[in-house]
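Observations on the three-dimensional arrangement
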Amino acid sequence: MRAVVTIGNGGYDKLKYCVVPLPTCGPGEVLLQVLSAGVNNTDINTRVGWYSSSIITDTESAVVSQEQKATAKADGGWNETTPFPFIQGTDCCGRIVAVAPGGDETTIGMRVLVRSCMRKSGFETMENIWMGSDFDGAFAQYVKAPAGEVFAVDCDWSDAELGSIPCAYGTAENMVHRAKVCEGEHVLVTGASGGVGSAVLQLVKRRNAAVTAIAGRAKMEQVLSIGADRILDRSEDVVAILGENAVDVVVDNVAGPAFGGLLKVLKRGGRYVSSGAIGGPLVTLDMRTFYLKDLTLVGCTAWDEPVFPNLISYIERGELRPLVAKTFPLDRIADAQQEFLEKKHFGKFVLIPLPLDE
Ligand SMILES: NC(=O)c1ccc[n+]([C@@H]2O[C@H](COP(=O)([O-])OP(=O)(O)OC[C@H]3O[C@@H](n4cnc5c(N)ncnc54)[C@H](OP(=O)(O)O)[C@@H]3O)[C@@H](O)[C@H]2O)c1
C-alpha cells in the first residue's frame, strides 16, 4: 500500500510518501481502508518533537527552528519516545475490509471512525496510547485497529467531513465533559476558530451554555456564524473587556502569555480546562489567583469512557456541524501542513488517500 512514513524528528523532508507492506490484523483487530484522515497539530508537534521539555516556544516557532536544525528528541513525543519510522495520522474515517479470525464478519463494509485515544489498561487509570502517535495511523491506504476502538457512524456526512472529527472533537468533548459544563453557565473559549476550539464552541452550545469566544480578527465573523454568543479579538485585553470573576469555565488550548488573564476572568470556584498550548507551553501562574479563588485546573488528554460514543450519537442526531476548509491528496501532506500552519483557514484540513485501483 502507499503511505506517508515519518522517518524522524525534523522538517518536511522527514515525510516520505512510499510503498510499504499492508498491515496484518492481530487477534481482535480489524483492517480498514482509509477513506479520509484529518490534519492535526499533533502530527506536526510529534514530527518536530514539540512535546520535548527542551522546546519552550509556540508550535509555529518550533516548526521554523526544526526546519533549520533537525535534532532527534528522546522525549519529543506525546508518550515520550516516538517510534520512528512510523505512519502518523490520528484521525481515521475508514471502511472495514477484513476482520481477524473469530472477529465479527458482519461488520465488513461498515463506514467507521476510529477512537484514536485508546485506554488499553481500562478507564480506571489515565494510561493512554494514540493511533498515529504511538503506533501506525491513518496517513496510508490501510490501517489496522482494535475492533473495540472502531465505531460505525450512520449519517450522510462525506468521508472528508467524518475524517475531520476524531482528534479535535474527541478532545473537545472530553474537556467539556471533564469540566462538567452545565446549562446556563458562561464558558470562555480561546482559539475558537481552530479545530478544537470550534468543536468546543459547538459542544458547549449543545449543552445550552453561553459561549464567549476568542479568535483572530480575520475569523471573528466565521466564529459567530457557528454559534458564539459573543466574540473577542485575540489581541484585546480579556480582563479589561469581561472584567474579573465573569465566567464559570475557561476552555483554553492556546495558553502562552494570555494565561494569567484567563484565570482572572474566572469566577470564584471556576474551572480552567486545557489539552493544548499552541501559543506557548510555559505560562505564569499567580498562585494567589489559583487558591484564593478556589479554582480547579483540569488537564485533559486521556478520553473518558462516554466521550467517543457520545460524540458519535451527536453526529447521528445532527447536533454538530462538520467544518472542512479544504481537502488534499495524501501525497501532498507537506503542502497541507504548510498551509495549515499559516492559520488563515477556518475549519479542518483533510487528506484523502489514492483510490485503491491506482
Ligand atoms: N491533548 C490532546 O489530546 C490534544 C488534541 C488535539 C489538539 N491538541 C492541541 O490543542 C491545540 C489546538 O489544536 P487545534 O487543532 O485546535 O489547532 P488549530 O486548528 O491550529 O487552531 C488553533 C487556533 O488557536 C489560535 N491561536 C491563538 N494564538 C495562537 C498562536 N500563538 N499560534 C497559533 N494559533 C494561535 C488560532 O486562531 P486565531 O488565529 O483565530 O486566533 C488557531 O485557529 C494544539 O496545541 C494541539 O496540539 C491537543
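Being a predicted model, the structure only gives us computed values, none of them experimental.

Digging into the overall build of the protein
Helices and strands together make up the secondary structure of the protein, namely 11 helices and 18 strands. Seen through its C-alpha atoms, the protein measures out along the principal axes to roughly 60 × 45 × 40 Å. In the protein, which comprises 358 residues, the proportion classed as buried is 54%. By element, 51% of the accessible surface of the protein is carried by carbon and sulfur atoms, the whole surface being about 15,000 Å². Between the averaged position of the 34 positive side-chain charges in the protein and that of its 43 negative side-chain charges there is a distance of 4 Å.

Thoughts on a nonpolar patch on the surface
On the surface, L285, M287, Y291, L292 and L297 cluster together into a nonpolar patch covering about 470 Å² of accessible area. Of the residues forming the nonpolar patch, the biggest block, 3 residues, is contributed by helix α9 (residues 287-292). Following the sequence through the fold, L297 ends up in strand β16 (residues 296-299).

Remarks on the packing of aromatic side chains
Taken as a whole and assessed by the stated rule, the structure comprises 10 aromatic pairs. For the ring pair W50 and Y51, a centre distance of 5.6 Å and an interplane angle of 75 degrees mean the geometry is edge-to-face. Overall, the relative accessible area of 10% leaves W50 in the buried class. Assessed through its relative accessible area of 26%, Y51 is described here as partly exposed. Between F259 and Y272 the ring centres are 5.1 Å apart and the planes differ by 85 degrees, which places this aromatic pair in the edge-to-face class. With F259 in helix α8 (residues 259-264) and Y272 in strand β15 (residues 266-274), the pair connects residues that are 13 residues apart, well separated along the chain. For Y272, a relative accessible area of 7% translates into the label buried. Joined through ring pairs, the aromatic side chains of W50, Y51, W78, W130, F151, W303 and F308 make up one cluster. Across from the ring centre of Y12, 4.5 Å away, lies the NZ or CZ of R47, which sits over that ring. The residue whose ring lies beneath R206 is Y314, and the NZ or CZ to ring-centre distance is 3.7 Å.

Regarding the layout of surface pockets
Taken as a whole, the second largest pocket holds about 270 Å³ of empty space. Lining the second largest pocket we find 16 residues, and of these P23, F135, D136, V143 and K144 sit closest to its centre. In terms of residue count, the dominant contributor to the lining of the second largest pocket is strand β9 (residues 142-146) (5 residues). Split by residue class, the lining of the second largest pocket holds 11 nonpolar, 1 polar and 4 charged.

Describing the site of the ligand
Near the ligand, the surroundings consist of 26 residues, among which N41, S193, G216, S275 and K343 are the closest. Take N41: an N or O atom from its side chain is 2.6 Å from an oxygen atom of the ligand. Take N253: an N or O atom from its side chain is 3.0 Å from an oxygen atom of the ligand. Isolated, the ligand exposes 900 Å² of accessible area, and the fraction of that covered by the protein chains is 90%. Taken together, the elements giving at least two residues each to the shell around the ligand come down to α1 (41-48), α4 (166-178) and α5 (195-205). The residue inventory of the shell around the ligand, partitioned by class, reads 10 nonpolar, 13 polar and 3 charged.

Quick notes on the sheet that holds β16
Taken together, 6 strands build an open sheet; the order of strands is β13-β12-β11-β14-β15-β16 and the sheet is parallel. Edge positions in the sheet fall to β13 (230-233) and β16, since each of these pairs with one other strand and no more. Looking at each pair of strands side by side, their axes are set apart by 20 degrees on average, direction ignored. Note that strand β11 (residues 186-189) and strand β12 (residues 210-215) share 4 bridges and pair parallel. Counterpart to H186 in the pairing with β12 is A210. Of the strands in this sheet, β11, β12 and β14 (247-251) touch α5, which is tilted by about 170 degrees from β12.

Regarding the nonpolar core
Counting 50 residues, the largest nonpolar core has L113, V223 and I315 as the members making the most contacts within it. Broken down by secondary-structure element, the contributors of at least two residues to this core are α4, β11, α5, β12, α6 (220-225), β14 and α10 (307-316). Here this core takes 6 residues from α4, the largest share from any one element. Sequence-distant contacts of I315, defined by excluding residues within four places in its chain, comprise L113, V153, C155, W157, L162, I165 and L320. Ranked by size, the runner-up nonpolar core spans 44 residues in total, among them V20, V48, V99 and M131.

Topic: the packing of α1 against helix α11 (residues 333-342)
Contact pair α1 / α11: the axes reach a minimum separation of 11 Å and the direction vectors enclose 105 degrees. The orientation of α1 relative to α11 falls into the category roughly perpendicular. Here α1 contributes N41, D43, I44 and R47 to the contact with α11, which in turn contributes Q337, F340 and L341. A breakdown of the residues in the contact of α1 with α11 according to their chemical character gives 3 nonpolar, 2 polar and 2 charged.

Remarks on the side chain of Q88
Assignment of secondary structure puts Q88 in the loop between β4 (86-87) and β5 (93-99). Looking at Q88, its side chain comes within polar contact range of the side chain of T6, at 2.8 Å. Apart from residues no more than four positions distant in its own chain, Q88 is found in contact with V4, T6, L15, T42, D43, T46, R47, G132, G137, A138 and F139.

Rules and cut-offs
- Per chain, residue numbering runs from 1 following the sequence as it is written.
- Only residues with pLDDT of at least 70 are given local features in this predicted model, and only at 80 or more are side-chain atom pairs given and counted; all residues enter the totals for whole chains, interfaces and linings.
- Remark: hydrogens and water are excluded; side-chain values derive from all non-hydrogen atoms of the structure.
- Here a strand is any run of E in DSSP of at least two residues, a helix any run of H or I of at least four, and the numbering for each starts at the N terminus.
- To sort residues, take the accessible area from a 1.4 Å probe on protein chains only and compare it with the maximum for the residue type: under 20% means buried, over 50% means exposed, and anything in between is partly exposed.
- Calculation of accessible area relied on Shrake-Rupley with a 1.4 Å probe; when residues are assessed, cover is drawn exclusively from the protein chains displayed.
- Under this rule, positive means Lys or Arg and negative means Asp or Glu; His and the chain ends count for nothing.
- Note on charges: their place is set at NZ of Lys, CZ of Arg, CG of Asp or CD of Glu.
- Only residues whose relative accessible area exceeds 30% and that form no salt bridge enter a patch; like-charged residues are grouped when within 9 Å of one another, and nonpolar side chains (Val, Leu, Ile, Met, Phe, Trp, Tyr) when within 5 Å.
- Whenever Lys or Arg places a side-chain nitrogen within 4 Å of a carboxyl oxygen from Asp or Glu, that contact is recorded as a salt bridge.
- In summary, the pairing rule links any two rings of Phe, Tyr or Trp, Trp by its six-membered ring, whose centres are within 6.5 Å, and it sorts them by plane angle into stacked for under 30 degrees, edge-to-face for over 60 and tilted for everything else.
- Any Lys NZ or Arg CZ that is within 6 Å of a ring centre and within 35 degrees of that ring's normal is treated as a charge sitting over the ring.
- Computed over the protein atoms alone on a 1 Å grid, cavities are sets of points where a 1.4 Å probe fits but cannot get out and pockets are open sets with protein on both sides within 12 Å along at least five of seven lines; a residue lines them when it has an atom within 4 Å of a point.
- Grid points are joined across faces, edges and corners, and a volume is the space filled by probe spheres set on the points.
- Think of it as three bins: nonpolar holds Ala, Val, Leu, Ile, Met, Phe, Trp, Tyr, Cys and Pro, charged holds Asp, Glu, Lys and Arg, and polar takes everything else, Gly as well.
- We call a residue near a molecule or strand whenever a single non-hydrogen atom of that residue lies within 4 Å of it.
- What qualifies as a polar contact is a pair of N or O atoms within 3.5 Å, subject to a donor-acceptor requirement within protein and to the restriction that residues adjacent in sequence count only when both atoms come from side chains.
- Here a strand pair is declared whenever DSSP counts at least two bridges between the two strands.
- Axes here mean lines fitted to C-alpha atoms, for a helix over just the part in contact, with angles spanning 0 to 180 degrees between N-to-C directions.
- The contact rule is simple, with two residues in contact once any of their heavy atoms fall within 4.5 Å.
- By nonpolar core we mean a set of buried residues, namely Ala, Val, Leu, Ile, Met, Phe, Trp, Tyr and Cys, connected to one another through side-chain atoms within 4.5 Å.
- Note that the term roughly parallel is reserved for angles under 35 degrees, roughly antiparallel for angles over 145, roughly perpendicular for angles of 65 to 115, and oblique for everything else.

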